[in-house]
Amino acid sequence: MVTETRVPDTDTTVPQNRLVRRIALGAFAAVVGIVTYTALRGAPAPDVDAGGTEMDVRIAVAGVDPATAALPLSTTLTSIDGAPVDQNPENATDGLVVHPHRETPVHETPGGKPLARLPRTMLGDSGNTWLPVIEQKPDWVHVLLPSKPNGSTGWIRSADVDYARTPYTVNVRLQTKKVQLVKDGRVTDTWTVGIGKPAAPTPVGRTFLLGAFTDPKQQFSPVILPLGTHSPTLDTFGGGPGTVAIHTWPTTDVFGTESSDGCIRVPSAALKKLSEVPLGTLVMITDD
Amino acid sequence: MGEGSAVRSRRSVRSVAAIGVAIAVAVLVGSTSATADAGDRPETAFAMAGQGLLNFGPLTRAAAPDGTPAHTEVVGLATVAGLAQAGITGGLLTSDAHIGYSATTVADLKVATLLSADVVKTTCENGHGKVEIGNGALLDTALPQFPVRGQTLDLALAKATFGEEKRNADGTITVTGIKVSVLPTGVLPTGGGLPAITNIAYVTAEEPDEGSDDSGDSEDSTEEDTAAPKPRTATAPPSAPAAPKSAPADPGPLVAPNPSDVRALPGLPNLPLPKLIPGQPAQTITIGSATCGTVDQKPLGRPAGTQQGSAEDQGEPSVDDADDAPAPEVVEADLPVTS
């Protein structure tokens, strides 16, 4: 019986199917037309549940809005065009250091043009970012950046940082090849060190301790302390961006010489002490 | 049988027509929405997105550019290409946005054997982010219900970050509920810590060979020694890998597989292992993203009392009330320096 009720529809099935098929085809043609038009005029992809464009996906996964996602990260691996240059590279600070507790944009001026994004961590997913504060304005702090060019600075929101105080400063004196550890204004230790050779000099200026890491592929030192500055003559070195660092060396004959490719080679005792100095601490590299 | 086929055919054509019309409407509505994004208010939210071997999303996006409350929802993920095949299913996905507020909820989430949760709710309200996870697990490891902002769980094969907040250039905040990276370093890890999770990660629970020595005493074994415990292969993932098998047979000791034996993504056994790029996760999946601004002019962000020395709690940063900075944590990194 049920079958019989369906059989008589046979004569009308064809035209109905045709009609329905035409509607289907028309609808799909509309979709294709709209999508093509949208793509051609360069508008954002529509928000359909099947997902957006590959760019939409990338931005969505980045965890920031499209304008922010387009900004480069400020790390030792990158160069930030237009970053303000440190105007007082010979001045010490009061020891204020800040750590962004969320990724935050770096601006040219307080509330001004965004230049970069500052990540919470500096060495991949580990090693908290700590930067020295060189100037303050209401709701903003002016910090030294770890990226190229040397002496790069930028402004970040005070609301996005934790802050602390370091009592230390590290002085690197190139002429005398000495490193001094200064605590609360008093020199506590002095070591004779090796510095960059003339073809790859250790850069002069105000920089900071960027991190502390071990690397099985760089066994000349049990711990390496990268700084927020780079070789002025080597764009890359060993596959890295030419980051200058403080580390020890397997032989003692390098101390008191211009023998490195820009890094500061220190005795083991110095490395041990410097490894306990907070990140963000100023490192003042001077010609004397 | 022929009549049944005709009826199914008609229904099928009607269904196609209905889907076509629905998609056309959705596209038109979506276009309108995208255009309206140029409004003043930044509040948006979406439920899921993925990048890598499987690209999808952002799904169930809601935006309130003019401040008018917006709500989107979808039941299940069956219509999203590739997700069902990959073993990614969801119950109800909702997103909401209005002035100063956005939120998204994913219920009954299951990402193959990688991730599961009864509910993941991601909220951004007046510049504050919050994430709540109900009965969540990553590779069988329980997830925190109320994670601390940016808290991570690193299982080597997969890494999850919870409640990560990022400031946008316009001053708004985006909070991400859960971000999972599969093979986060772009390298197949080996060694300590892996055997405990390999059974649900990317290997098939093969029965030990007859007569094999499963005591774990394989010190004298060689690679050619067939008596040694065999790494379980990754070729044929079980359809319901995390569920206990009805057969009570002891699967034997878990051993880390040789990288050459791995053919599927950890936790996503229906997806083939792609060519890995060091430093780049093989797959990233975002569960919940909410962006909001503030409804007043105060730069809110960190909940009061969560940490000393925060400028949000105590005004401008100052050395006068600052704690001593911490000694550095020595981490492992790959950064060639000038030496």
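About the cut-offs
- Residue positions within a chain follow its written sequence, with the count starting from 1.
- Chain letters and ligand numbers both follow the written order, the letters beginning at A and the numbers at 1.
- The model is predicted, so local features are restricted to residues of pLDDT at least 70 and side-chain atom pairs to those at 80 or more, both for listing and for counting; the totals for chains, interfaces and linings are taken over all residues.
- Secondary structure elements are defined from DSSP: runs of H or I of at least 4 residues count as helices, runs of E of at least 2 residues count as strands, and each element is numbered from the N terminus.
- Here a residue counts as buried when 20 or more other C-beta atoms sit within 10 Å of its C-beta, as exposed when there are 12 or fewer, and as partly exposed otherwise, the C-beta atoms being derived from the backbone.
- Note on contacts: residues are paired as contacts if their backbone-placed C-beta atoms lie within 7 Å.
- Only strands that DSSP links by at least two bridges are regarded as paired with each other.
- The term nonpolar core refers to a group of buried residues, namely Ala, Val, Leu, Ile, Met, Phe, Trp, Tyr and Cys, whose C-beta atoms join them within 7 Å.
- Angles run from 0 to 180 degrees between N-to-C directions of axes, and those axes are lines fitted to C-alpha atoms, restricted for helices to the stretch in contact.
- Known as pLDDT, the predictor's confidence for each residue is given on a scale from 0 to 100.

**Here we look at the overall build of chain B**
Scanning chain B for helices and strands turns up 4 helices and 19 strands. Each of the 339 residues in chain B was classed as buried or not, and the buried ones make up 42%. Long-range contacts, defined here as pairs at least 24 residues apart, represent 62% of the contacts in chain B between residues at least 6 apart.

**Some remarks on the overall build of chain A**
The helix and strand inventory of chain A stands at 5 helices and 20 strands. Buried positions account for 48% of the 288 residues belonging to chain A. Here the analysis covers contacts within chain A between residues at least 6 apart in sequence; of these, 63% occur between residues at least 24 apart.

**A closer look at the sheet that holds strand β16 (residues 225-230) of chain A**
Residue and element names in this part refer to chain A. Read across the sheet, 3 strands follow the order β16-β17-β19 without closing on themselves; strand pairing throughout is mixed. At either margin of the open sheet sits one strand with a lone partner, and together these are β16 and β19 (264-265). Sheet analysis places strand β17 (residues 243-247) next to β19, joined by 2 bridges and oriented parallel. Looking at β19, one finds that Ile246 is bridged to Ile264.

**As for the nonpolar core**
One finds Ala49, Leu59, Leu114, Leu138, Ala158, Val180 and Val182 of chain B to be the most contacted residues of the largest nonpolar core, which totals 63 residues. Of all hydrophobic cores here, the second largest spans 59 residues; its members include Ala116, Phe213, Leu225 and Leu282 of chain A.

**Some points on the sheet that holds strand β10 (residues 168-173) of chain A**
All names here are of chain A. Pairing is mixed across the open sheet formed by 5 strands, whose spatial order is β12-β11-β10-β20-β14. The two strands at the open ends of the sheet, each matched to only one other strand, are β12 (186-192) and β14 (205-208). With strand direction ignored, the average angle separating the axes of adjacent strands in the sheet is 20°. Where β14 lies against strand β20 (residues 282-286), 4 bridges are found, and the strand directions are antiparallel. Note on β20: the bridge partner recorded for Arg206 is Met284.

**Focus on helix α3 (residues 54-62) of chain A**
Within α3 of chain A, the full set of buried residues consists of Asp56, Val57, Ile59, Ala60, Val61 and Ala62 of chain A. If you follow the buried residues of α3 of chain A, they end up packed against α4 (66-69) of chain A together with β1 (44-52), β2 (56-59) and β17 (283-292) of chain B. At the exit of α3 of chain A stands Gly63 of chain A, carrying a positive phi of roughly 80°.

**Things to note about the confidence of the model for chain A**
All names here are of chain A. Averaged over every residue, the pLDDT of chain A is 86; residues scoring 70 or more account for 82%. Per-residue pLDDT stays below 50 along residues 1-16; that stretch engages in 6 contacts with residues further than four places along the chain or on separate chains. Note that residues 29-50 has pLDDT below 50 and, in this model, 37 contacts with residues that lie over four places away or in other chains.

**Comments concerning the pairing of strand β16 (residues 268-272) of chain B**
All names here are of chain B. The sheet contact formed by strand β15 (residues 264-265) and β16 spans 2 bridges and is antiparallel. Of the residues in β16, the one forming a bridge with Leu265 is Leu268. Taking the residues that link successive antiparallel strands as the turn, the β15-β16 hairpin has 2 residues, and the phi of Gly267 there is positive, at about 80°.

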